[in-house]
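Overview (structure and organization)
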Amino acid sequence: MNYWLIKSEPDAFSIDDLKKAPGKKEHWDGIRNYQARNFIRDDMQKDDLAFFYHSSCAEPGIVGICEIVSDAYPDHTAFDPNGKYYDAGSTPDNPRWLMRDIRFRRKLRREISLTEIKQHEVKLEGFPLIRRGNRLSIMPVSREHWDFILSLEAKSP
């Protein structure tokens, strides 16, 4: 099993939106970075787990856990010329961008903020989220980092 961190702006799509979705499941679309696309295509697998991270908000942080529940498939939002994720170079016959379906597992008992995560720089050495310049919306998480971050859930910030 692999572990991931996926980012979403809560005013666009939050952990609560995922929880309210039919079957608590939704497609994860709009990825327009080749490295993130390659993670979706090559490394992410059904049954992998991911931290759900709220970004671009007052207090960014990990708010929940979701599960990858589909194989990669073409991101249809790239085909809509009126959509914000449109890419004229991506066609149904030759899709450039992919997505996967995710399912809500649970909300964390408390948000683990980016500020708090950065306070554990030594324990989280190499964690992509705190690496300078890393703005990917999908990133791998080692099992060691996954377990450590979950251990923070029961502690006061």
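Quick note: structure is the one above.
First, a word on what this report is: a plain description of the structure on this page. Everything numeric here is computed off the predicted structure, so don't read it as measured data.

1. Description of the side chain of aspartate 87
By the element assignment, aspartate 87 lies in the loop between strand E5 (73–74) and strand E6 (98–113). Exposure remark for aspartate 87: the relative accessible area of 14% places this residue in the buried category. Excluding its chain neighbours within four sequence positions, the residues that come into contact with aspartate 87 are Ala78, Arg96 and Trp97.

2. So, the environment of glutamate 153
As for its placement among the helices and strands, glutamate 153 is situated in the segment after helix H4 (143–152). A sequence separation of 90 residues divides glutamate 153 from valine 63, and the C-alpha atoms of the two residues are 9.9 Å apart. Setting aside residues up to four positions removed in sequence, glutamate 153 forms contacts with Arg106, Lys107, Leu108, Arg109, Arg110 and Ile112. One polar contact links glutamate 153 to arginine 106, side chain to side chain, over a distance of 2.7 Å.

3. Considering the pairing of strand E4 (residues 61–68)
The buried count for E4 comes to eight of eight residues, which makes it a mostly enclosed element. In terms of strand pairing, strand E3 (residues 49–54) meets E4 through six bridges, oriented antiparallel. Counterpart to alanine 50 in the pairing with E4 is cysteine 66. The hairpin formed by E3 and E4 contains six residues between the paired strands, and serine 56 there has a positive phi angle of roughly 50°. Where E4 meets E6, seven bridges bridge the pair, whose relative direction is antiparallel. Bridge pairing in E6 places glycine 61 opposite serine 113.

4. Some thoughts on helix H2 (residues 34–43)
Within H2 the residues assigned to the buried category are Ala36, Arg37, Phe39 and Ile40. Looking straight down H2, one finds its buried side chains confined to an arc of 155°; they lie on one side. Residues of H2 that are buried in the fold lie against strand E1 (3–8), E6 and strand E7 (138–141). Two or three places before glutamine 35, at the opening of H2, asparagine 33 has a side-chain oxygen 2.8 Å from that residue's backbone nitrogen.

5. Overview of unusual backbone geometry
One non-glycine residue, lysine 24, lies in positive phi territory at about 55°. Examined against the element boundaries, lysine 24 turns out to sit in the loop between helix H1 (15–20) and strand E2 (25–28). One non-glycine residue, serine 56, lies in the positive phi region at around 50°. With respect to the helices, strands and loops of the structure, serine 56 is situated in the loop between E3 and E4. Residue serine 56 is classed as exposed on the basis of its relative accessible area, which comes to 58%.

What counts, and at which threshold
- Residue positions are given per chain, counting from 1 as you read along its sequence in written order.
- The predicted origin of the model limits local features to residues at a pLDDT of at least 70 and limits the giving and counting of side-chain atom pairs to 80 or more, whereas totals for whole chains, interfaces and linings rest on all residues.
- Each side-chain value is derived from all of the structure's non-hydrogen atoms; neither hydrogens nor water enter the calculation.
- Numbering of helices and strands runs from the N terminus; a helix is a DSSP stretch of H or I covering at least four residues, while a strand is a stretch of E covering at least two.
- Burial classes follow relative accessibility: with a 1.4 Å probe on protein chains only, a residue under 20% of its type's maximum area counts as buried, one over 50% as exposed, and anything between as partly exposed.
- We call two residues contacting when some pair of their heavy atoms lies within 4.5 Å.
- Within 3.5 Å is the distance limit for a polar contact, defined as a pair of N or O atoms, with the added protein rule that one can donate a hydrogen and the other accept it, and that residues adjacent in sequence qualify only through two side-chain atoms.
- Strand pairing is defined by DSSP finding a minimum of two bridges between the two strands.
- Each C-beta atom gives one direction from the helix axis, and the arc is the one those directions make.

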